[in-house]
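Remarks on the overall topology
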Number of protein chains: 2
Amino acid sequence: MSAGQGRLYVIGLGPGDAGYLTHDVEAALAEAGDIIGYAPYVARVPEREGQTRLTSDNRVELDRAREALSRATAGRIVAVVSGGDPGVFAMAAAVFEAVDNGDPAWRELDIRVLPGISAMQAAAARLGAPIGQDFCAISISDNLKPWTTIANRLECAARGDFVIALYNPASRSRPRGIRDAFAILRGVLSPSTIVVFAKSIGRPEERIIASNLAEADLSLVDMSTLVIIGAQGTRLIERGAATPYVYSLRKSS
Amino acid sequence: MSAGQGRLYVIGLGPGDAGYLTHDVEAALAEAGDIIGYAPYVARVPEREGQTRLTSDNRVELDRAREALSRATAGRIVAVVSGGDPGVFAMAAAVFEAVDNGDPAWRELDIRVLPGISAMQAAAARLGAPIGQDFCAISISDNLKPWTTIANRLECAARGDFVIALYNPASRSRPRGIRDAFAILRGVLSPSTIVVFAKSIGRPEERIIASNLAEADLSLVDMSTLVIIGAQGTRLIERGAATPYVYSLRKSS
């Protein structure tokens with residue numbers, strides 16, 4: 001069976017503001033007949049006559065991926081949209097998991113992943129250059145993995161002196177996750193380690209809170225927050241009343 | 001002293017193809033009077049009448065950052081350009097290191113970091129979704145850090161079951177780096193761990209080589225290569241003669 005002229009784009013819309021969109025993403029959104037995704041992301045795509053929009057809840061990634069693959073196999077030009085980068089804790093992994101376990105025809109489809117600016121990059125850019133040395137990204141939501149796996153990764157990241165970006169620090173299923181994560185980090189890292197909460201980056205209510213591992217107020221962490229934990233070489237540049245810059249030394253000892 | 005109307009953009013051009021450029025980056029390039037950077041990156045910026053272009057060698061990041069800060073302080077609109085994302089092993093860290101140690105007036109400058117699609121994201125998108133779970137990025141060039149630091153990070157990343165992206169796997173100063181790195185990884189990870197060499201991503205000569213930790217041919221690694229080491233949950237989808245897909249399970253045990 002041929003997949004006809006169908007195509008599946010897996011698209012990253014970046015962190016909110018349209019200035020983050022790439023040319024390739026914009027061209028694909030203009031071409032796609034079907035836009036599929038979690039409702040707040042689909043709402044960011046400019047409406048176009050003749051375009052079908054399918055929204056779903058955030059917890060049904062695999063169903064959404066299968067629907068998109070079926071439509072593309074039937075000859076539609078489909079775009080699955082994510083905020084940030086689709087490859088970073090977003091829809092791309094669900095799409096390929098569906099391909100791996102689904103209709104063999106899906107392997108022959110024209111699937112194109114178009115990267116977007118991730119929340120981590122946008123937050124880093126606002127701060128200065130915190131991920132300017134070796135870094136890692138960890139999702140501390142335990143929807144998809146046991147807490148023991150998360151705890152081991154946090155401990156290894158701290159022992160490796162990585163700059164750490166924590167995604168999903170306030171998941172509904174584990175509101176205590178950020179407190180447990182900080183307890184692990186405090187067991188390894190210095191109390192003066194720089195900690196930044198980057199909230200709603202790229203949106204009008206954007207806010208940056210710089211602190212340290214000992215004093216960070218975890219009650220400020222919500223679902224819109226990306227948490228960045230500095231490494232030994234991470235530095236803060238005070239600027240009076242303005243938000244301080246945060247960067248990491250390129251040289252380390 | 002006032003910084004006048006000057007401004008410093010620190011810009012990411014993405015991995016090569018113009019399709020990766022964001023709107024914000026394009027607007028800043030059109031506005032800037034001075035374009036400063038490593039020659040191959042400056043060459044990617046479309047020439048515009050009245051625009052000054054300053055190119056330099058890749059090893060002089062701090063000098064380049066100071067020149068850019070001085071010009072912006074004197075009232076120029078300056079853009080420092082990097083390939084990929086300026087915040088990921090590129091110019092942003094050098095700029096803020098210069099601010100931290102330089103003229104106090106530089107702290108009052110209007111500095112705007114504009115993220116770009118990193119080599120890691122572009123490679124991941126071409127492959128499928130290899131960084132769809134917790135991941136880290138490590139530069140194995142020892143220009144700026146001792147090998148013991150790199151070795152510890154590799155070991156911690158492997159013990160944490162992260163997907164690992166290796167930057168600068170063939171630095172001139174340490175051509176054996178990739179062999180030493182693989183020796184460390186082989187001491188911790190299964191021989192069947194998926195390994196991908198993503199070469200010249202976003203350029204016409206782009207090439208992807210999928211293998212595993214035991215069999216990967218390290219003589220294929222050069223300065224244009226990004227190396228991705230899978231985690232336990234990383235999977236390969238065979239597609240006959242076509243390049244296989246590589247993705248990481250969102251769920252892990």
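Definitions and limits used
- Residues numbered from 1 in each chain as written.
- Chains lettered and ligands numbered in written order.
- Predicted model: local features only at pLDDT ≥ 70, side-chain atom pairs only at ≥ 80, totals over all residues.
- Heavy atoms only, no water.
- Helix = DSSP H or I, 4+ residues; strand = E, 2+ residues; numbered from the N terminus.
- Rg over C-alpha atoms; globule rule 2.2 N^0.38 Å.
- Buried < 20%, exposed > 50% of the residue type's maximum accessible area, 1.4 Å probe, protein only.
- Contact = heavy atoms within 4.5 Å.
- Areas by Shrake-Rupley, 256 points an atom, 1.4 Å probe, with all protein chains shown as cover.
- Lys, Arg positive; Asp, Glu negative; His and termini not counted.
- Charge placed at Lys NZ, Arg CZ, Asp CG, Glu CD.
- Pairing = 2+ DSSP bridges.
- Axes fitted to C-alpha atoms, helices over the stretch in contact; angles between N-to-C directions.
- Left-handed = near helix turned anticlockwise from the far one by under 90°.
- Nonpolar A, V, L, I, M, F, W, Y, C, P; charged D, E, K, R; others polar.
- Salt bridge = Lys/Arg side-chain N within 4 Å of Asp/Glu carboxyl O.
- Expected span 1.5 Å × (residues − 1).
- Phe/Tyr/Trp six-rings, centres within 6.5 Å; stacked < 30°, edge-to-face > 60°.
- Lys NZ or Arg CZ within 6 Å of the ring centre and 35° of its normal.
- Least-squares fit on C-alpha atoms with pLDDT ≥ 70 in both.
- Parallel < 35°, antiparallel > 145°, perpendicular 65-115°, else oblique.
- Domains from an automatic or database assignment.
- Buried area = accessible area lost by both parts, 1.4 Å probe.
- Polar contact = N/O pair within 3.5 Å; in protein donor to acceptor, adjacent residues only side chain to side chain.

Digging into the overall build of chain A
The helix and strand inventory of chain A stands at seven helices and 13 strands. Computed over C-alpha atoms, the radius of gyration of chain A comes to 20 Å, within 12% of the 18 Å expected from 2.2 N^0.38 for 253 residues, which places it in the range of a compact globule. Counting only C-alpha atoms, chain A reaches 60 × 40 × 35 Å along its principal axes. When each of the 253 residues of chain A is scored for burial, the buried share is 58%. In chain A, once contacts between residues fewer than 6 apart in sequence are set aside, the share between residues at least 24 apart is 68%. Accessible area of chain A: about 9,900 Å², with a carbon and sulfur share of 48%. Within chain A, one finds 27 positive and 28 negative side-chain charges whose respective centroids are separated by 5 Å.

Regarding the sheet that holds strand E11 (residues 225-229) of chain B
With mixed pairing, the 10 strands of this open sheet are ordered in space as E10(A)-E9(A)-E11(A)-E8(A)-E7(A)-E7(B)-E8(B)-E11(B)-E9(B)-E10(B). Each end of this open sheet is capped by a strand with a single partner; those strands are strand E10 (207-212) of chain A together with strand E10 (207-212) of chain B. On average, adjacent strands in this sheet sit at an angle of 15 degrees to one another, irrespective of strand direction. Against the sheet, helix H5 (residues 119-127) of chain A makes contact with strand E7 (135-139), strand E8 (163-167), strand E9 (194-199), E10 and strand E11 (225-229) of chain A together with strand E7 (135-139) of chain B, and its axis sits at roughly 65 degrees relative to E11(A), the strand it touches most. In the packing of helix H5 (residues 119-127) of chain B onto the sheet, contacts are made with E7 of chain A together with E7, strand E8 (163-167), strand E9 (194-199), E10 and E11 of chain B, and the angle to E11(B) comes to roughly 65 degrees.

Focus on the packing of helix H6 (residues 147-159) of chain A against helix H7 (residues 177-188) of chain A
Residue and element names in this part refer to chain A. Packing of H6 against H7 brings their axes to within 9 Å, and their N-to-C directions diverge by 35 degrees. The handedness of the crossing between H6 and H7 comes out as right-handed. Judged by residue contacts, Trp147, Ala151, Leu154, Glu155, Ala158 and Arg159 of H6 engage Gly177, Asp180, Ala181, Ile184, Leu185 and Val188 from H7. Of the residues assigned to the contact of H6 with H7, the class counts are eight nonpolar, one polar and three charged.

Let's talk about the interface of chain A and chain B
Contact residues are listed per partner, giving 69 residues for chain A and 69 residues for chain B. On the surface where chain A and chain B come into contact, there are 10 salt bridges. Where Lys145(A) meets Asp134(B), a salt bridge forms, and the shortest distance between an N and an O atom there is 2.5 Å. In terms of residue count, helix H4 (residues 91-101) of chain A provides more of the side of chain A that touches chain B than any other element does, eight residues in total. Grouping the amino acids of the side of chain A that touches chain B by side-chain chemistry returns 34 nonpolar, 18 polar and 17 charged. One ladder, built from three bridges, connects E7(A) with E7(B); its direction is antiparallel. Across the sheet, residue Ala137(A) finds its bridge partner in E7(B), namely Phe135(B).

A look at helix H7 (residues 177-188) of chain B
Because an α-helix packs 3.6 residues into every turn, residues spaced three or four apart end up facing the same way. Residue and element names in this part refer to chain B. With 12 residues, H7 should reach 16 Å at 1.5 Å per residue; the first-to-last C-alpha distance of 17 Å fits that figure. Along H7, the residues that are buried comprise Gly177, Ile178, Asp180, Ala181, Phe182, Ile184 and Leu185. Tucked inside the fold, the buried residues of H7 contact helix H6 (147-159), E8, E9 and E11.

Structural notes on the packing of aromatic side chains
For the coordinates displayed, the defined rule picks out eight aromatic pairs over all chains. On the basis of an interplanar angle of 70 degrees and a centroid distance of 5.5 Å, the ring pair of Tyr38(A) and Tyr41(A) is categorised as edge-to-face. Taking the relative accessible area as the measure of exposure, Tyr41(A) reaches 27% and is therefore partly exposed. Consider the rings of Phe89(B) and Tyr167(B), whose centres lie 4.9 Å apart with planes at 55 degrees: the pair is tilted. Of the two residues, Phe89(B) sits in the loop between strand E4 (77-82) and helix H4 (91-101) while Tyr167(B) sits in strand E8, which places them 78 residues apart along the sequence. Connected via pairs of aromatic rings, a cluster forms that spans Phe89(A), Tyr167(A) and Phe135(B). Taking the ring centre of Tyr245(B) as reference, the NZ or CZ of Arg239(B) above it sits at 4.0 Å.

Digging into the sheet that holds strand E2 (residues 34-38) of chain B
All names here are of chain B. With parallel pairing, five strands are arranged side by side in an open sheet as E3-E2-E4-E1-E5. If you trace the sheet from one side to the other, it starts and ends with strand E3 (52-56) and strand E5 (111-114), each paired once. Averaged over all pairs of adjacent strands, the angle between their axes in this sheet comes to 15 degrees, without regard to strand direction. As paired elements, strand E1 (residues 7-12) and E5 share four bridges and run parallel to each other. Across the sheet, the residue bridging to valine 10 is valine 113, located in E5.

Overview of the relation of the copies chain A and chain B
Least-squares fitting of chain A to chain B yields an RMSD of 0.0 Å, with the transformation described by 0.0 Å of translation along the axis and a rotation of 180 degrees. Viewed as a symmetry operation, the transformation between the two copies matches a two-fold axis.

Regarding the packing of helix H3 (residues 61-73) of chain A against H4(A)
All names here are of chain A. Here H3 crosses H4 at 65 degrees, and the two axes come no closer than 8 Å. By the angle between their axes, H3 is roughly perpendicular relative to H4. Regarding H3 and H4, the two cross each other, and that crossing is right-handed. Between H3 and H4, the residues in contact are Glu61, Leu62, Arg64, Ala65, Arg66 and Leu69 and Met91, Ala94, Val95, Glu97, Ala98 and Val99, respectively.

Thoughts on the pairing of strand E13 (residues 242-248) of chain B
All names here are of chain B. Burial analysis of E13 places five of its seven residues in the buried class, which makes it a mostly covered element. Pairing of strand E6 (residues 128-129) with E13 involves two bridges; the strand directions are parallel. Its bridge partner being in E13, glycine 128 is matched across the sheet by valine 246. Pairing analysis gives five bridges linking strand E12 (residues 234-239) to E13, with the strands arranged antiparallel. Bridge assignment links leucine 236 to a residue of E13, and that residue is valine 246. With antiparallel pairing between neighbouring strands as the criterion, E12 and E13 make up a hairpin whose turn holds two residues, including glycine 240 at a positive phi of roughly 65 degrees.

Description of the domain arrangement of chain A
Residues and elements named next belong to chain A. You can read the domains of chain A as domain 1 (7-117) and domain 2 (120-248). Taken over C-alpha atoms, the centre of domain 1 sits 28 Å from the centre of domain 2. Counting from both sides, the interface comprises nine residues of domain 1 and, opposite them, 12 residues of domain 2. For the pairing of domain 1 and domain 2, the buried interface totals around 780 Å² over both sides, and the portion due to carbon and sulfur atoms is 55%. The tally of links between domain 1 and domain 2 comes to zero salt bridges. There are one residue pair in polar contact (both at pLDDT 80 or more) connecting domain 1 and domain 2. Residue classes in the side of domain 1 that touches domain 2 are distributed as five nonpolar, two polar and two charged.

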